[in-house]
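Residue-level structural notes
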Amino acid sequence: DAGVIQSPRHEVTEMGQEVTLRCKPISGHDYLFWYRQTMMRGLELLIYFNNNVPIDDSGMPEDRFSAKMPNASFSTLKIQPSEPRDSAVYFCASRRGNTEAFFGQGTRLTVV
Amino acid sequence: AQKVTQAQTEISVVEKEDVTLDCVYETRDTTYYLFWYKQPPSGELVFLIRRNSFDEQNEISGRYSWNFQKSTSSFNFTITASQVVDSAVYFCALRTEYSSASKIIFGSGTRLSIRP
């Protein structure tokens, strides 16, 4: 299995631009998570899906953030408009049932 | 409320020394899972182990061992005969089945440096 695949690995964008992060979970996994990692706040859960349905988005910082999972093999996290404080590493993770979550390699986002 | 505390922010040891990373958790749920993840300098998060609340058996995997004690709400991780490649940030994490609706809550991490 290829593992969780995230793209792009690095993204540099200007403040105010729209940013879309992509994730392909491991096949057969029914949970998908988006995390953000910063030095100040550590690893924060933004949102998670179960069977493509958003279950808890209480970690999404504000309305500028949105996430979708149109099918079992693809999810996006969109930031519009982006701000410098959104700079972080964004991780996608997936798991099957009650097992452990496997993480992608992350997308390092820099908003200038 | 659920919480994971990794009191050791940074640890530095000389290669071949043994080192223990501490993890203390809080939860009121009786069913929960504990995890350890490794984040090497390359940045990815690597799963190491999962332990459920009904299984207090300690586990050994090569140079790695884990000590789970419900009485002290601790899930400590020991690396024996440490190697430079063990240098990474290690995260302890908790997931409960009910009150936190399946979220994984991470500790703040312990940065481990192994000096040659």
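Residues numbered from 1 in each chain as written. Chains lettered and ligands numbered in written order. Predicted model: local features only at pLDDT ≥ 70, side-chain atom pairs only at ≥ 80, totals over all residues. Heavy atoms only, no water.

Some words on the overall build of chain B
For chain B, the helix and strand inventory stands at 0 helices and 12 strands. Overall, chain B shows an N-to-C arrangement of helices and strands of β-β-β-β-β-β-β-β-β-β-β-β. For 116 residues, the compact-globule estimate of 2.2 N^0.38 gives 13 Å, and the C-alpha radius of gyration of chain B, at 14 Å, lies within 12% of that figure. Across its three principal axes, chain B shows a C-alpha extent of roughly 45 × 25 × 20 Å. Counting only carbon and sulfur atoms, one obtains 48% of the accessible surface of chain B, whose full area is about 5,600 Å². Each charge class in chain B can be summarised by its mean position, and for the 12 positive and 13 negative side chains these summaries are 4 Å apart. (Helix = DSSP H or I, 4+ residues; strand = E, 2+ residues; numbered from the N terminus. Rg over C-alpha atoms; globule rule 2.2 N^0.38 Å. Areas by Shrake-Rupley, 256 points an atom, 1.4 Å probe, with all protein chains shown as cover. Lys, Arg positive; Asp, Glu negative; His and termini not counted. Charge placed at Lys NZ, Arg CZ, Asp CG, Glu CD.)

Considerations on the environment of Phe77(B)
Residue and element names in this part refer to chain B. Within the element layout of this structure, Phe77 appears in strand S9 (residues 74-79). Take Phe77: its relative accessible area is 0%, and that puts it in the buried class. Taking the C-alpha atoms as reference points, Phe77 and Trp66, separated by 11 residues in sequence, lie 4.6 Å from one another. Excluding its chain neighbours within four sequence positions, the residues that come into contact with Phe77 are Val19, Thr20, Leu21, Trp36, Leu48, Tyr64, Ser65, Trp66 and Tyr90. (Buried < 20%, exposed > 50% of the residue type's maximum accessible area, 1.4 Å probe, protein only. Contact = heavy atoms within 4.5 Å.)

A few points about the pairing of strand S3 (residues 19-24) of chain A
Residue and element names in this part refer to chain A. Sheet topology places strand S1 (residues 5-7) next to S3; 3 bridges connect them, and they run antiparallel. Across the sheet, Ile5 pairs through a bridge with Lys24, a residue of S3. The pairing of S3 with strand S8 (residues 74-79) spans 5 bridges and is classified as antiparallel. For Thr20, the partnering residue across the bridge sits in S8 and is Lys78. (Pairing = 2+ DSSP bridges.)

What about the environment of Asp22(B)?
Residue and element names in this part refer to chain B. With respect to the secondary-structure elements, Asp22 resides in the loop between strand S3 (19-21) and strand S4 (24-26). When its relative accessible area of 31% is taken as the criterion, Asp22 is described as partly exposed. Those residues within four positions of Asp22 in sequence are excluded, and the remaining contacts are Thr5, Gln6, Gln8, Trp36 and Asn76.

A short note on the state of the cysteines
Residues and elements named next belong to chain A. With the rule as written, the count across this model stands at 2 disulfides over all chains. Across the disulfide, Cys23 is cross-linked to Cys92 (sulfur-sulfur distance 1.9 Å). The chirality of the disulfide connecting Cys23 with Cys92 is left-handed, given an S-S dihedral of about -65°. Note that Cys23 is positioned in strand S3 and Cys92 in strand S9 (residues 88-95), a separation of 69 residues in sequence. (Disulfide = S-S within 2.5 Å.)

Here's the deal with the confidence of the model for chain B
In this model, chain B carries a mean pLDDT of 92, and residues with pLDDT of at least 70 account for 96%. Mean pLDDT across the elements of chain B ranges from a minimum in strand S7 (residues 59-61) of chain B, with 88, to a maximum in S3(B), with 98. (pLDDT = per-residue confidence, 0-100.)

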